Amino acid sequence: PRSAQAHSGMGIAWVAKRQYAKAIEDFDAAIRLDSKLAKAWAGRAEAHRLLEHLKEAVADSTTAIVLDPMLARAFRTRGESYLAGGQTEGALSDVNKAIALDPKYAAAYFARGDIHRKLRNADQAIADYSKGIEFDSSSPRPLYVRADLYRKVGKPELAIADYSRVIDMDAKKP
């Protein structure tokens, strides 16, 4: 039903506004109207993850994956939830699956970079952040994290370049 899609879209909008509880309400409504709407389950999973409700995030992501095994976003969200819960092996497996499904999915590369950073694999983390930035350079966070990694591995000139880009991005904010 269209209203299920509309509630799901509203939930996505609430997530963008960082109103996660409101997002969950709309995703709940979408799921009540259409329990097979994988994107609503994935959206609710993301809202739960951002609220650090990790069990709910994993459960909803898993439901989304069962409903639509090609939904890269659900694998990325579940992977990030696993990482937040300290399960790096499951996190890496899911994020790799997200990238396999959508090789240009910047957020999945950033998530894999976070996993490698946690595993203290700086070179792989830098490679993943770099790949993600290639697809989406609009957020300062990956640039900042990559700069920090460059600094730690003894590449100050690359760190300075990334820190400079972050500063420029911040200066252009309204």
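Small disclaimer: the values here were computed from a predicted structure and weren't measured. (Residues numbered from 1 in each chain as written. Predicted model: local features only at pLDDT ≥ 70, side-chain atom pairs only at ≥ 80, totals over all residues. Heavy atoms only, no water.)

Engineer: Mind laying out the overall build of the protein, listing which residues take part and the relevant values?
Structural biologist: Counting its secondary structure elements, the protein contains 10 helices and 0 strands. N-terminal to C-terminal, the α/β element order of the protein is α-α-α-α-α-α-α-α-α-α. Taken over C-alpha atoms, the radius of gyration comes to 17 Å for the protein, in line with the 16 Å a tight globule of 174 residues would show. Principal axes of the C-alpha set define a box for the protein whose edges measure 55 × 40 × 25 Å. Taken across its 174 residues, the protein has 44% of its residues classed as buried. Sequence separation of 24 or more characterises 43% of the internal contacts of the protein that already satisfy a separation of 6 or more. Split by element, the accessible area of the protein, about 9,500 Å² in all, is 53% carbon and sulfur. (Helix = DSSP H or I, 4+ residues; strand = E, 2+ residues; numbered from the N terminus. Rg over C-alpha atoms; globule rule 2.2 N^0.38 Å. Buried < 20%, exposed > 50% of the residue type's maximum accessible area, 1.4 Å probe, protein only. Contact = heavy atoms within 4.5 Å. Areas by Shrake-Rupley, 256 points an atom, 1.4 Å probe, with all protein chains shown as cover.)

Engineer: Break down helix α10 (residues 156–171) for me, citing the residues and quoting the values.
Structural biologist: Compared with the 22 Å implied by 1.5 Å per residue over 16 residues, the 22 Å span of α10 between its first and last C-alpha is a close match. Every buried residue of α10 is accounted for by A159, D162 and V166. For α10, the angular spread of buried residues about the axis comes to 70°, placing them on one side. In α10, the exposed positions angled more than 90 degrees off the buried face are occupied by E157, I160, I167 and A171. Among the structural elements, α9 (140–152) are those in contact with the buried residues of α10. (Expected span 1.5 Å × (residues − 1). Arc of directions from axis to C-beta.)

Engineer: Explain the pattern of salt bridges residue by residue, including any values.
Structural biologist: In total, this model carries 14 salt bridges according to the counting rule given. Close ionic contact of D60 with R44 constitutes a salt bridge, the shortest N to O distance being 2.6 Å. Taken together, the positions of D60 in helix α4 (residues 54–67) and R44 in helix α3 (residues 38–50) put the pair 16 residues apart, joining distant regions of the chain. Both residues of the pair, D60 and R44, count as buried. The partner of R49 in a salt bridge is E46, with the nearest N and O atoms 2.8 Å apart. Of this pair, R49 and E46 both sit in helix α3, 3 residues apart, which is roughly one turn of the helix. An identical accessibility class is assigned to R49 and E46; each is buried. Shared partners join several salt bridges into a network, and the residues in it are E46, R49, R76 and E80. (Salt bridge = Lys/Arg side-chain N within 4 Å of Asp/Glu carboxyl O.)

Engineer: Report on unusual backbone geometry, specifying residues and quantitative values.
Structural biologist: What you tend to see is this: most non-glycine residues have negative phi, and most peptide bonds are trans. The phi torsion at R18 lies on the positive side, around 60°, for a residue other than glycine. Its location among the elements puts R18 in the loop between α1 (2–16) and α2 (20–33). Under the relative-accessibility criterion, R18 is labelled exposed at 63%. Located in the positive-phi region is E52, a residue other than glycine, with phi close to 65°.

Engineer: How would you summarise the packing of α9 against α10 if you had to cite specific residues and measurements?
Structural biologist: Put simply, α9 and α10 touch, their axes get as near as 8 Å, and they point 155° apart. With respect to α10, the element α9 is oriented roughly antiparallel. Both α9 and α10 take part in a crossing whose hand is left-handed. Contacts between α9 and α10 involve P140, L143, Y144, R146, A147, D148, Y150 and R151 from the former and P156, L158, A159, D162, Y163, R165, V166 and M169 from the latter. Counted by class, the contact of α9 with α10 contains 11 nonpolar, no polar and 5 charged residues. (Axes fitted to C-alpha atoms, helices over the stretch in contact; angles between N-to-C directions. Parallel < 35°, antiparallel > 145°, perpendicular 65-115°, else oblique. Left-handed = near helix turned anticlockwise from the far one by under 90°. Nonpolar A, V, L, I, M, F, W, Y, C, P; charged D, E, K, R; others polar.)

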